[in-house]
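# Descriptive analysis of the structure
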Amino acid sequence: MQYRKLGSAQIDVSRVCLGSMTWGCQNSQADADAQLDYALAQGVNFIDTAEMYAVPPTADTYGATERIIGNWLSRNPAKRKELVLASKMAGSGLAYIRGGGMMTPSTLVQAVDASLTRLQTDYIDLYQLHWPNRVSPHFGKHRTGRIEFSDVDAAEQTEQILGLLQALDSCVKAGKIRFCGLSNETPWGISQYLQLSQQHRLPRMVSIQNEFSLLHTKDWPYLIEQCVHENIAYLPWSPLAGGALTGKYLGGARPSGSRWSMLQRHGLFRDTPESNNAIAAFVELATAHRLNPATLALAWVNQVDGVTSTIIGATSIAQLQQNIAAFAEPLTATLQGDITQFLQQHPAAF
């Protein structure tokens, strides 16, 4: 296993980050225990969760994943110091989470305390804001004209960001969290957090996790360039585009128990004619190189300049084994060239 520094936090995290959002919905406590044990045995030390999980999110499964991790930690207390444990605070939009309201300084402290209780730990290594209070161009909202940026009150948003940073600062000083990060943010949002943390001597964001895959490369090059030069760890989520890059959904297939067979909060926005054409071409490309499509998709993300650690998820040990093994797969010059051509032909699949 290879490791990288978590941005300016200067702590080592594995190039593979074990995502956990299926735990409590598609996976049981026993499944999660097995995944954690296997991942740690392979050198994975970075675990990502969120108060909102399991996914698809529901009131019944809210907090389930953190509780599952907490149950495992309670039985493996010596393992806690070996882990970099990350969680996230949900933003607005889910009525069963703090009435669906936006993130505020007071609700942030409440969310941290509740996560600590569910996780059965005294501290969270990396605490992230799951999505901003304003509407951001993520979850399928990145097409030109989909969002009117001029409708946003930038001064109001900046004031809210300052309040959240001050609340994070209080949690850091109390020893509840070690480092702070972002998720589903933009270069403008990153810049506001960095400027305000410097001006007011508040915690500096050390990471950001955004969706990134061969079907969804919108963060390259501009946001990733900023991450590299500002020393912010870039953590791709959904590197398989919600499982689509495996090819298992081609032709309208919906395997029983798979994610796309379930109700999705944002709909199946990755399921477009363009993405299906791109996936078919990618599966053909991987087959021509005698590689499993999932293996190739993960190996490609891993070698992108600026990527610190890739968040993977699995619903079985077999999938987890295959996914972790992908990070040791070298990409030849010929294969790199074929992928470059693929990206030129399918630049914006969804």
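An account of the accompanying structure is given in this report. Since the model is a prediction, treat every value here as computed from it, not as a measurement. (Residues numbered from 1 in each chain as written. Predicted model: local features only at pLDDT ≥ 70, side-chain atom pairs only at ≥ 80, totals over all residues. Heavy atoms only, no water.)

## Topic: the overall build of the protein chain
The condition that has to hold: Segments assigned H or I by DSSP are reported as helices when at least four residues long, segments assigned E as strands when at least two residues long, and all are numbered from the N terminus. Exposure is judged per residue with a 1.4 Å probe applied to protein chains only, and the accessible area is read against the type maximum: over 50% gives exposed, under 20% gives buried, and values in between give partly exposed. We call two residues in contact when some of their heavy atoms are within 4.5 Å. Computed with the Shrake-Rupley method and a 1.4 Å probe, the accessible areas treat only the protein chains shown as cover for residues.
When you go through the protein chain residue by residue, the secondary structure sums to 10 helices and 10 strands. Overall size of the protein chain, expressed as C-alpha extent along the three principal axes, is 55 × 50 × 35 Å. For the protein chain, buried positions account for 55% of its 350 residues. Summarising the internal contacts of the protein chain: among those between residues at least 6 apart in sequence, 77% fall at separations of at least 24. Counting only carbon and sulfur atoms, one obtains 51% of the accessible surface of the protein chain, whose full area is about 14,500 Å².

## Things to note about the state of the cysteines
Here is the rule: Throughout, disulfides are identified as pairs of cysteine sulfur atoms within 2.5 Å of each other.
On inspection of all chains with the given rule, the structure shows zero disulfides. With no disulfide of its own, Cys 17 has Cys 227 as its nearest cysteine by sulfur position, at a separation of 15 Å. Free of any disulfide, Cys 25 has its nearest cysteine sulfur in Cys 17, 20 Å distant.

## Some thoughts on the sheet that holds strand β3 (residues 16-19)
Quick reminder of the rule: Only strands joined by at least two bridges in the DSSP assignment are considered to pair. Here, axes are lines fitted to C-alpha atoms. For helices the fit covers the stretch in contact, and angles between N-to-C directions go from 0 to 180 degrees.
Read from one edge of the open sheet, eight strands run β9-β8-β7-β6-β5-β4-β3-β10, paired in parallel fashion. Every interior strand has two partners, whereas the edge strands, β9 (233-237) and β10 (310-312), have only one. Averaged over all neighbouring strand pairs, the angle between strand axes comes to 30°, with direction disregarded.

## A closer look at the environment of Gly 257
Turning to its location among the elements, Gly 257 is positioned in the loop between β9 and α7 (273-288). Relative accessible area serves as the criterion here: at 43%, Gly 257 is assigned to the partly exposed category. Distance from Gly 257 to Ser 316, taken between C-alpha atoms, is 12 Å for residues 59 residues apart in sequence. Once you skip the residues sitting within four places of it in the chain, Gly 257 turns out to touch Gln 26 and Met 262.

## As for the pairing of strand β7 (residues 177-183)
For a regular strand, the rule is simple: side chains alternate between the two faces of the sheet. Applied cut-off: A clockwise course of the path from the first strand over the helix to the second, judged with the strands pointing away from the viewer, identifies a crossover as right-handed.
A large share of β7 lies buried, amounting to five of its seven residues. Bridge count for strand β6 (residues 124-129) against β7 is five bridges, and the pairing is parallel. Bridge pairing links Leu 126 to Phe 179 in β7. For the segment spanning β6, helix α4 (residues 154-173) and β7, crossover handedness is right-handed. Sheet topology note: the β7/strand β8 (residues 205-211) ladder contains four bridges and is parallel. Looking at β8, one finds that Leu 182 is bridged to Ile 208. A crossover links β7 with its parallel partner β8, the connecting element being helix α5 (residues 187-200), and its sense is right-handed.

## Examining the nonpolar core
Inclusion rule: For our purposes a nonpolar core is just a set of buried Ala, Val, Leu, Ile, Met, Phe, Trp, Tyr and Cys residues, chained together by side-chain atoms within 4.5 Å.
Grouped together as the largest cluster of nonpolar side chains are 99 residues, with contacts concentrated most on Leu 6, Phe 46, Leu 108, Tyr 127, Leu 215 and Leu 296. Residues Met 52, Tyr 62, Ala 90 and Ile 97 belong to the second largest nonpolar core, which totals nine residues.

## Some thoughts on helix α3 (residues 105-119)
Just so we agree on the cut-off: The length a helix should cover is 1.5 Å for every residue beyond the first.
The terminal C-alpha atoms of α3, which comprises 15 residues, lie 21 Å apart, in line with the 21 Å expected from a rise of 1.5 Å per residue. Buried-residue contacts for α3 involve α2 (64-75), β5 (84-89), β6, α4 and β7. Positive backbone phi, approximately 55°, marks Gln 120, located one or two places after α3.

## A short note on the pairing of β9
Among the five residues of β9, five are classified as buried, and the element is accordingly described as predominantly covered. Taking every second residue as pointing to the same face, both faces of β9 are buried, with Ala 233, Leu 235 and Trp 237 on one and Tyr 234 and Pro 236 on the other. Relative to β9, β8 runs parallel, the two being bridged by five bridges. Looking at the pairing, Ile 208 lines up with Tyr 234 of β9. For the handedness criterion, the β-α-β arrangement of β8, helix α6 (residues 222-230) and β9 is classed as right-handed.

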